[in-house]
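Chain by chain, the residues:
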2 protein chains.
Amino acid sequence: MITTLSLLFSRPSSVSIPGKINGVVKCVASPSAEKTAYKTKVSRNENLAKLQAGYLFPEPRIGDTTEPIPEVITSAMSKRSYALSTVDGYSGYGAEQGEKVSNDLHSFLVWSYSLSPPYPISVLSSRLVCLFAPHVEQLRAAIASTYYADLGIEEDDIFVSDGAKSDISRLQVLFGSNVTMAVQDPSYPAYVDSSVILGQTGQFQKDVEKYGNIEYMRCTPENGFFPDLSTVRRTDIIFFCSPNNPTGYAASREQLTRLVQFAKENGSIIVYDSAYAMYVSDDSPRSIFEIPGAKEVALEVSSFSKYAGFTGVRLGWTAIPKDLLYSDGFPLAKDFNRIVCTCFNGASNIAQAGGLACVSAEGIKAMHEVVGFYKENTAIIVDTFESLGFKVYGGKNAPYVWVHFPGRSSWDVFSEILEKTHVVTTPGSGFGPGGEGFVRVSAFGHRENVLEACRRFKQLYK
Amino acid sequence: MITTLSLLFSRPSSVSIPGKINGVVKCVASPSAEKTAYKTKVSRNENLAKLQAGYLFPEPRIGDTTEPIPEVITSAMSKRSYALSTVDGYSGYGAEQGEKVSNDLHSFLVWSYSLSPPYPISVLSSRLVCLFAPHVEQLRAAIASTYYADLGIEEDDIFVSDGAKSDISRLQVLFGSNVTMAVQDPSYPAYVDSSVILGQTGQFQKDVEKYGNIEYMRCTPENGFFPDLSTVRRTDIIFFCSPNNPTGYAASREQLTRLVQFAKENGSIIVYDSAYAMYVSDDSPRSIFEIPGAKEVALEVSSFSKYAGFTGVRLGWTAIPKDLLYSDGFPLAKDFNRIVCTCFNGASNIAQAGGLACVSAEGIKAMHEVVGFYKENTAIIVDTFESLGFKVYGGKNAPYVWVHFPGRSSWDVFSEILEKTHVVTTPGSGFGPGGEGFVRVSAFGHRENVLEACRRFKQLYK
C-alpha cells in the first residue's frame, strides 16, 4: 500500500508503453540465446532453476514504508557523513569505532607479545579475527540494552547487519544445504526462496504449490494463525515470523512457549523474525527471548526498516545467544561470526550512526510516533473492510491487514482491486499456498492515500 | 599500514590488559560447552569446519583507507540523509528512484491489464520482479558510462552492491557447490574462504597449505606474477584480481588476452576483481572488458572503497554482460538478478547518493587526488625498501608493496617488524602458500605515519 500511495492515480486516458518499461521488461524476457552464441561450459546452478517465476510480486516494494525518517535520526546520519570528510571523523572498515579498535589491536598485540614470544601465530591470528569483527561495539551494546535488557542477550551476541533479508540469506549460507526447514504458511517469501537457492529443498510441486522437503506449517483462521504443532514434522530449522507478514498475527506468550518446547524436544533451531515487534499492542512477546529456554534453541533476526523507515537506509541485526549449540556442542554464533567476517563487511557506518540515534531516548520516542501513525492507518483499513462485511485478520499487532475472500482466487481479487480501484494490494497466495483466498493490505502509506484507497474499496464492495 | 597509523606508538611502559581486550578475546576462545549444556540436534555445517583458524589476520582492517572522503562526496550523502526527513525526499526500498519506480509500476500494470486480462499471472509476476530489481537506475547508468564507456557494458549490466566482498559471496551462492574454482596464489583470502563455505572444496591439506579441489595459480617473481596457464587445470570459475592484492601487480593487456583465451578454450567463467583499477599508472587494462571477447567469459566486481575511502560507507558494483551464458545458454545475469532480489535489498540509499557524487566530474577529480596521495605513499615505501637492498614488487599500479624476504617465514618477518618497530605489516603466507617469504606493506596511511614507519624500517634493516 505504500506503493498504493503512488499508484493512487486514476487510469491515464492514454496509456503509453514507455521505452523505460520496455527496457525493463527486456531484461526479464528470457534473452533467447542465439544459436551461434558462445556458451561457457559451466552448468547453471540447479537450485536456481528450481525457483518459480516468483519472488512473485514486488514484495519488498509493496511492503515499503512511506513516512519521512524523524529528524533526530537523519541529522545524526548527516553529521556522520560530513564527519567522514575530516581527519578526526573519518573511519574506514568497522566504522564508528575505527580508532578504538586500532587502539585495542595495539594493546592486544603488545600484550600478547609481552607474554611469551614467539606467541603461537595460530592463536594470535584467530584472536585478531574476532578483535576485528566488523561490528560496531557501540551500536551492538545499544541494541542489546534497548531490546534485550533483562533477557540475557549481551552486546557480543548482537550482529549488526544491512537488514533482515541479507541476514536471512547469510543464515542459510551458515546452515548449508544439508538441513531441513519448516516455515509458516503463509510467510515472507525470502525464507523459502533462500532455502531453495541453498539447495535445501526438492523441486517445486505444482499440484500442491510447495517445494519438496520443506515443512509448510499451515496458519489459518481455524487454528488462530498458529500451526498445529502436533502435525508438524521435525526439521532442523524453523523459520517463525511474529508479528507475521502477511497475516499480521502475533503469537501469544503461551503459543511461543509451546513453539520453544517443540523445538527443544526436536532439537531444532528457531530463526525468529521480529521485524515488526514494535507494532505489538497487546502483551504478546516482542522477542522470542522472553520465553524461558529460548536461548538454547532460537536466534532472532530484526531490523530498523519498519520502525524508523530504514527500508532504503539498510540497517538491522541478528541476535545469537551463546547457549545456542550445534549437536556437537559447537556454538552457532562462532560460525556466524566467521560468515560475517568472510561474506560481509558490516553495515554502512552512516546507517549505523542512524541506528545509534534510533535507540537514543529521543529516537525511540520518534520511532514510536512513526509506528503509531502506521497503526492508525491499520485501524482505518480494518474498519473499512469490516464495515463492508469482510472477515479481517491481523492489523492489531502489525502494519498488515489480512482480508478474507473465501472461495476466491487471491490473484483474481488482486486483479479486481487493481483494475477497478487502481490500488495495489498483495495476493495472499504469493506468500504460500496457505495464503489462497486472502489479500494483504499494507498500512504503509500517506494518510490521504490510505483514506482515498479506503473510499475506493467502499465503492467497489458496497 | 592504515592500521600502521594508529599503531605507530612507542611501546607503552606499562602494558595493561584491559577488560575490553579480555572481553573480545573471550568471544574467540572456543566457549567450551559444559557437559550439561543443551545441544540442538542440528549438525554443524561441515564446510565451516573446514575453514582454518584464519581469515587469518585482520585483513580488511590492514587494507583499510585512512584519508578523509572528499567533501563533494560527503556533502551529497549528508544532503541525502537530511532529505530522508522530508516528504519529497524520502525513499524506502530501491532508493533514489523510489517514486520513479512506482510510476513505472503503475504504467506497467495498467499497460499489462489493458492488453488482455486476465494477463497470465506468471508472466506478470516475473516481469514485476525485474521491474523492481533493487538497483538504482541512476547510479547504474552513471557507473556504466564512467567505467565502461565504449566497452559495451550497459546500465542494466551493472548491479550496485554494498561492496566487493559481499558480492563475491553472493556470486559463490550463485555458482553453488558443484563448481570448481581457480585462484591466484597469493590472493585476497575471501575468494578461497567463500568457496570453502559454499562447499566447493575439499579439506585443508596442511602439508601444502591448500584446500583440496581448488586450483592455486602460482604468481611469483619468476613468472612476472602472472600464472603459467599451460600448467593450470581447467576449472569452472577463475578468480582473478588485477591490480592484485597482495602482490600489487597489474596484468598487461597481452596477459589478460591470454587469460580470456584460456577461459574461452576451457569454457570457464572469470570473476575479475578490479577494485584497484584506478591505481593503474601504465597502460594495463582497467577493466577485463577492454579485452575483446571478455564479455562472453567474464564478469567484473569492483568497489568505491579504495577510490573514495568508502571502506566504511560500503558501496561497490558487479558488471555482468548479457553475453555471459551457462552451458545451457541461460544468461548468468538473470540468475544473479534473482540472487540479488532474494538475498539482498540494495546498498544504502545514502551510500548510493555518495556514489553518484563519486562519478560526477568533480568527484572523479577528487578521487584521483585521493588515489594520487596513496600512490605517493607507495613510492616512499618502495624507495625505502629498495634503498635497504630489498627486492620490491608491486606498488606501481597498486597501493600495495610486496617485499621479498627470500628464505624467511613471512610470519617471522611480520613478527620481527611488529616487535621492533611496532608497525603492522601483513605476512604474505596469509594470502596463500605462494605468499611465503613476502610481506605486504600497505600504502594506506597518513603521510606522517608512513614516513615514520619508513624511518623505523631503515633503523631495523640498515
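Overview of the structure. Every chain is numbered on its own, with residues counted from 1 as its sequence reads. By the order in which they are written, chains take letters starting at A while ligands take numbers starting at 1. Local features in this predicted model are restricted to residues of pLDDT 70 or higher, and side-chain atom pairs are both shown and tallied only at a pLDDT of 80 or more, whereas totals for entire chains, interfaces and linings draw on every residue. Water and hydrogen atoms play no part in the side-chain values, which are based on all heavy atoms of the structure.

### Here we look at the packing of aromatic side chains
- When two rings of Phe, Tyr or Trp (its six-membered ring) have centres within 6.5 Å they constitute a pair, described as stacked for plane angles under 30 degrees, edge-to-face for angles over 60, and tilted for the intermediate range. Tallying each qualifying case throughout the model produces 56 aromatic pairs over all chains.
- Here W402(A) and F438(A) contribute two aromatic rings whose centre-to-centre distance is 4.8 Å and whose plane-to-plane angle is 5°, an arrangement assigned as stacked. On the criterion of sequence distance, the pair formed by W402(A) in strand β11 (residues 400-404) and F438(A) in strand β13 (residues 438-442) is long-range, its members being 36 residues apart.
- Taken together, a centroid distance of 4.9 Å and an interplanar angle of 65° make the contact between F204(B) and Y211(B) edge-to-face.
- Exposure classes here rest on a 1.4 Å probe applied to the protein chains alone. A residue is buried below 20% of its type maximum, exposed above 50%, and partly exposed in between. Looking at Y211(B), the relative accessible area reads 6%, which means it is buried.
- Of the aromatic side chains, those joined through ring pairs into one cluster are F225(A), Y249(A), Y393(A), W402(A), F431(A) and F438(A).
- Should the NZ of a Lys or the CZ of an Arg lie within 6 Å of a ring centre and within 35 degrees of the ring normal, that charge is described as sitting over the ring. Cation over ring: R140(B) sits above F159(B), and NZ or CZ is 5.7 Å from the ring centre. Helix numbers and strand numbers start at the N terminus; a helix is a DSSP run of H or I with at least 4 residues, a strand a run of E with at least 2.

### Thoughts on unusual backbone geometry
Residues and elements named next belong to chain B.
- Here the bond from D185 into P186 is cis, since omega is 10°, no more than 30 degrees from zero.
- Topologically, P186 is positioned in the loop between β2 (181-185) and α10 (190-197).
- Look at the link from N245 to P246: it is a cis peptide, with omega at 20°.
- Mapped onto the elements of the fold, P246 is located in the loop between β6 (237-241) and α11 (253-266).
- At E209, a position not held by glycine, the phi torsion is positive, near 60°.
- Looking at the secondary structure, you find E209 in the loop between β3 (204-205) and β4 (210-211).
- Exposure remark for E209: the relative accessible area of 44% places this residue in the partly exposed category.
- Of note, H422 is a non-glycine position whose phi angle comes to about 60°, a positive value.
- Among the structural elements, H422 can be located in the loop between α16 (410-421) and β12 (426-427).
- With a relative accessible area of 13%, H422 lands in the buried category.

### Some details on the sheet that holds strand β1 (residues 158-161) of chain A
All names here are of chain A.
- Pairing between strands requires that DSSP locate at least two bridges from one strand to the other. An order of β1-β9-β8-β7-β6-β2-β5 is seen for the 7 strands of this open sheet, with the pairing classed as mixed. The open sheet has two edge strands with one neighbour each: β1 and β5 (214-218). Looking at each pair of strands side by side, their axes are set apart by 20° on average, direction ignored.
- Where strand β2 (residues 181-185) meets β5, 5 bridges bridge the pair, whose relative direction is parallel. Looking at the pairing, A182 lines up with E215 of β5.
- In this analysis, two residues are considered to be in contact whenever any of their non-hydrogen atoms come within 4.5 Å of each other. Axis definition: a line fitted to C-alpha atoms, limited for helices to the stretch in contact. Angles are taken between N-to-C directions and run from 0 to 180 degrees. Sitting on the sheet, helix α11 (residues 253-266) is in contact with β6 (237-241) and β7 (269-273), with an inclination near 170° to β6.

### Quick word on the sheet that holds strand β7 (residues 269-273) of chain B
All names here are of chain B.
- An order of β1-β9-β8-β7-β6-β2-β5 is seen for the 7 strands of this open sheet, with the pairing classed as mixed. The open sheet has two free edges, formed respectively by β1 (158-161) and β5 (214-218), since each of these has just one partner strand. Ignoring which end each strand starts from, the neighbouring axes of this sheet average 20° apart.
- As defined by bridge partners, β2 adjoins β6 across 3 bridges and the pair is classed as parallel. Bridge assignment links M181 to a residue of β6, and that residue is I237.
- Running at roughly 150° to strand β8 (residues 298-303), helix α9 (residues 164-175) makes contact with β1, β2, β6, β7, β8 and β9 (316-319) of the sheet.
- Set on the sheet, helix α13 (residues 332-343) makes contact with β1, β7 and β8; between it and β1 the angle comes to about 25°.

### Some details on the packing of helix α15 (residues 361-387) of chain A against helix α17 (residues 447-461) of chain A
Residues and elements named next belong to chain A.
- Contact geometry of α15 with α17 gives a least axis separation of 10 Å together with a crossing angle of 5°. The angle between α15 and α17 places the two elements in the roughly parallel class. The residues of α17 that touch α15, namely those facing F373, E376, N377, I380, I381, T384, F385 and S387, are R447, V450, L451, C454, F457 and K458.
- Basically, the charged four are Asp, Glu, Lys and Arg, the nonpolar ten are Ala, Val, Leu, Ile, Met, Phe, Trp, Tyr, Cys and Pro, and anything else, Gly included, counts as polar. Within the contact of α15 with α17, the residues separate by chemical class into 8 nonpolar, 3 polar and 3 charged. Angle categories: roughly parallel below 35 degrees, roughly antiparallel above 145, roughly perpendicular from 65 to 115, and oblique for all the rest.

### What about the side chain of D167(B)?
Residues and elements named next belong to chain B.
- Here D167 is to be found in helix α9.
- A distance of 2.5 Å separates the side chain of D167 from the side chain of T318, its partner in a polar contact.
- Setting aside residues no more than four positions away along its own chain, D167 makes contact with F159, S161, V301, W317, T318 and F336. Polar contact criterion, stated in full: a pair of N or O atoms within 3.5 Å, where within protein one must be able to donate a hydrogen and the other to accept it, and residues adjacent in sequence count only if both atoms are side-chain atoms.

### Some details on helix α16 (residues 410-421) of chain A
Residue and element names in this part refer to chain A.
- In a helix, the anticipated span is given by 1.5 Å times the number of residues less one. Look at α16: 16 Å from first C-alpha to last across 12 residues, which is about the 16 Å you get at 1.5 Å a residue.
- For α16, a buried count of 9 out of 12 residues is recorded, marking the element as mostly surrounded by other parts of the structure.
- When α16 is considered as a whole, its buried residues turn out to be S410, W411, V413, F414, S415, E416, I417, L418 and T421.
- Here α16 starts with a cap whose side-chain oxygen sits 3.2 Å from the backbone nitrogen of W411, and that cap is S409.
- Where α16 terminates, the next one or two residues include H422, which has phi positive at roughly 60°.

### Here's the deal with the environment of S287(A)
All names here are of chain A.
- Position of S287 among the secondary structure elements: in the loop between β7 and β8 (298-303).
- Sequence separation of S287 and L151 is 136 residues, and the distance between their C-alpha atoms is 9.0 Å.
- Excluding its chain neighbours within four sequence positions, the residues that come into contact with S287 are Y148, L151, Y272 and E300.
- Among the polar contacts made by the side chain of S287, one reaches the main-chain amide nitrogen of F289 at a distance of 3.0 Å.

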